[in-house]
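Here is how the chains run, residue by residue.
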Protein chains: 2
Amino acid sequence: MSSRPHLTNASAALTREVEVMDERGRISTIFIPAERPLTVYVDKRELVTLMTLGGAPEMLTLGYLRNQRLVRSIDDIESVTVDWSVDSVAVKTRNGIADIEERTSKKVVTTGCGQGSVFGGLMDEVDQIVLPADARLKQSVLYRIVDTIRTQQSVYKQAGSVHGCALFTAGGDMLYWVEDVGRHNAVDSIAGRMWLDGVSGEDKVFYTTGRLTSEMVIKGAQMGIPFLLSRSGTTQMGHMVAEKLGMTLLARCTGKHFLALTGRDRLIMEPHLADVLRVA
Amino acid sequence: MSSRPHLTNASAALTREVEVMDERGRISTIFIPAERPLTVYVDKRELVTLMTLGGAPEMLTLGYLRNQRLVRSIDDIESVTVDWSVDSVAVKTRNGIADIEERTSKKVVTTGCGQGSVFGGLMDEVDQIVLPADARLKQSVLYRIVDTIRTQQSVYKQAGSVHGCALFTAGGDMLYWVEDVGRHNAVDSIAGRMWLDGVSGEDKVFYTTGRLTSEMVIKGAQMGIPFLLSRSGTTQMGHMVAEKLGMTLLARCTGKHFLALTGRDRLIMEPHLADVLRVA
């Protein structure tokens, strides 16, 4: 009985132009990214307020419910209705959420941007996650992914101060691209899209412009994705969790450069490519 | 009866060396920043778990309680005892926290790194905050601050992936410097130090390497600081709140460059300095 939930499509303006004065007293204007509150109501119960860019509020809401493990299946969701006039989203479930009180009581304030509050039990789950050992990523595909990101149209290029996340096939084709003021909103929005479209992670590659902190690694694992790439670096706990999970963690991915931190056996190295000029 | 609380001094190792493989298959090691959970207990009640670098856990705890408005005065705190063997900090108050249940019930998941969970009422407070209109910042002092940050020894320079915050006098002398995996932990740690030392914000300048999101601006305002500087950019809500508060917001502060977004009347411009070579 997999019936797709009803969704609004309430994307809002992503940037705003503001006046600035520079070091020489010159007045000009720049674009800055939007940041707006989105209060999530589940079956009329206020759950949380997310601060978001507002580009994909329905996917963000779905991904939040998924990654917080508040809803087990997309089939349990009847509708997601965003109303920017009141900065809120109303989620209607088919059967309600069991013991929501208990499951939303424990707070973890994480390192991540955007989605700081993780309800309890995340680390408990990690031990049960098994990532595919036979998945492989070619260095040439890695370069294709990095180059796709480099040439991607983005709010970042216009306004800065946002994080981007993307999901790629093992062949290097980009399936989704989401930006948000917080990278945890961006990863949750990707998770929401995957959930809605019935896309699984075991043969996918996840890319983020943000740091590979513990929560980012855990979220990647929750989506079952064996490859986690970042333009940025990692933290001790992100590294530790990835090692524990056998996830392939690649940091500092820019141009032809990258640093493989964990799960290196999944990489098919083609070191001669490091010399080839980048193709735009 | 202002008696200073008893504090441990439980700074932990801030970086760890890990093995990496680069694009040519070369094995080497890099340093990555620590990231560890710190569960905060107030009068034996579990409050929250913060993910932190671990450099200033006592100050982080004090600043968190202050900025969340859970404790009104530093005098109400008897002791702050960090025990890394159990990744926790025990806070003992003199008189307990009134209606803590009610005040910790509302969750806002913010854009900011590090401290994502803000208990309710932050925005309600903003309207009541009045920042000093007569405070002034000279362009030459701004440059001195930026240069002090540039030459500051830091975990960032060794390991990357951390945010730094600093508090300066109106003359450009650095009082505090704190780094953390999340910039909201860093700003809270500064707030904790100010609280403990009885330092007020009205004649101070706050610097952060992170983005000027709504929560950063609100926290700066809560500390009564009229000047908020960042190497990075801002968001629409950060800009809006700063405008509302009449806070002086300076973004993209690097070298001789900066962009004054709001509160420009507090700036004493010396545009000829933009041509002078940087003094290290």
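Residues numbered from 1 in each chain as written. Chains lettered and ligands numbered in written order. Predicted model: local features only at pLDDT ≥ 70, side-chain atom pairs only at ≥ 80, totals over all residues. Heavy atoms only, no water.

Describing the relation of the copies chain B and chain A
Its rotation angle being 180°, the transformation that places chain B on chain A also includes 0.0 Å of axial translation and leaves an RMSD of 0.0 Å. The transformation just described matches what one would write down for a two-fold rotation axis. Both copies contact each other with a shared surface, as 100% of the interface residues of chain B are interface residues in chain A too. (Least-squares fit on C-alpha atoms with pLDDT ≥ 70 in both. Contact = heavy atoms within 4.5 Å.)

Observations regarding the interface of chain B and chain A
Facing the 72 residues of chain B at the interface are 72 residues of chain A. Summing both partners gives a buried area of about 5300 Å² for chain B against chain A, and 55% of it is carried by carbon and sulfur. Linking chain B to chain A there are 2 salt bridges. For A:Arg264, the salt bridge identified is with B:Glu19, shortest N-O distance 2.9 Å. Joining chain B to chain A, the criterion identifies 20 residue pairs in polar contact (both at pLDDT 80 or more). Grouping the amino acids of the side of chain B that touches chain A by side-chain chemistry returns 31 nonpolar, 25 polar and 16 charged. As paired strands, strand E16 (residues 257-262) of chain A and strand E2 (residues 15-22) of chain B are joined by 2 bridges and run antiparallel to one another. Residue pairing for E2(B): A:Ala260 is matched across the bridge by B:Met21. (Buried area = accessible area lost by both parts, 1.4 Å probe. Salt bridge = Lys/Arg side-chain N within 4 Å of Asp/Glu carboxyl O. Polar contact = N/O pair within 3.5 Å; in protein donor to acceptor, adjacent residues only side chain to side chain. Nonpolar A, V, L, I, M, F, W, Y, C, P; charged D, E, K, R; others polar. Pairing = 2+ DSSP bridges. Helix = DSSP H or I, 4+ residues; strand = E, 2+ residues; numbered from the N terminus.)

Comments concerning the pairing of strand E4 (residues 36-42) of chain A
Residues and elements named next belong to chain A. A large share of E4 lies buried, amounting to 5 of its 7 residues. By the bridge criterion, 7 bridges tie E4 to strand E5 (residues 45-52) in an arrangement that is antiparallel. Each residue of the ladder has a partner; that of Thr39, found in E5, is Thr49. Connecting E4 to the antiparallel partner E5 that follows it, the hairpin turn spans 2 residues, and Asp43 within it adopts a positive phi of roughly 50°. Here E4 pairs with strand E7 (residues 88-93) via 4 bridges, running parallel. By the bridge assignment, Thr39 is partnered in E7 with Ser88. (Buried < 20%, exposed > 50% of the residue type's maximum accessible area, 1.4 Å probe, protein only.)

Considerations on unusual backbone geometry
Residue and element names in this part refer to chain A. Despite not being glycine, Asp43 shows a phi value in the positive range, around 50°. If you trace the backbone, Asp43 turns up in the loop between E4 and E5. Overall, the relative accessible area of 33% leaves Asp43 in the partly exposed class. Although it is not a glycine, Asp87 adopts a positive phi angle of roughly 45°. Inspection of the secondary structure assignment puts Asp87 in the loop between strand E6 (77-83) and E7.

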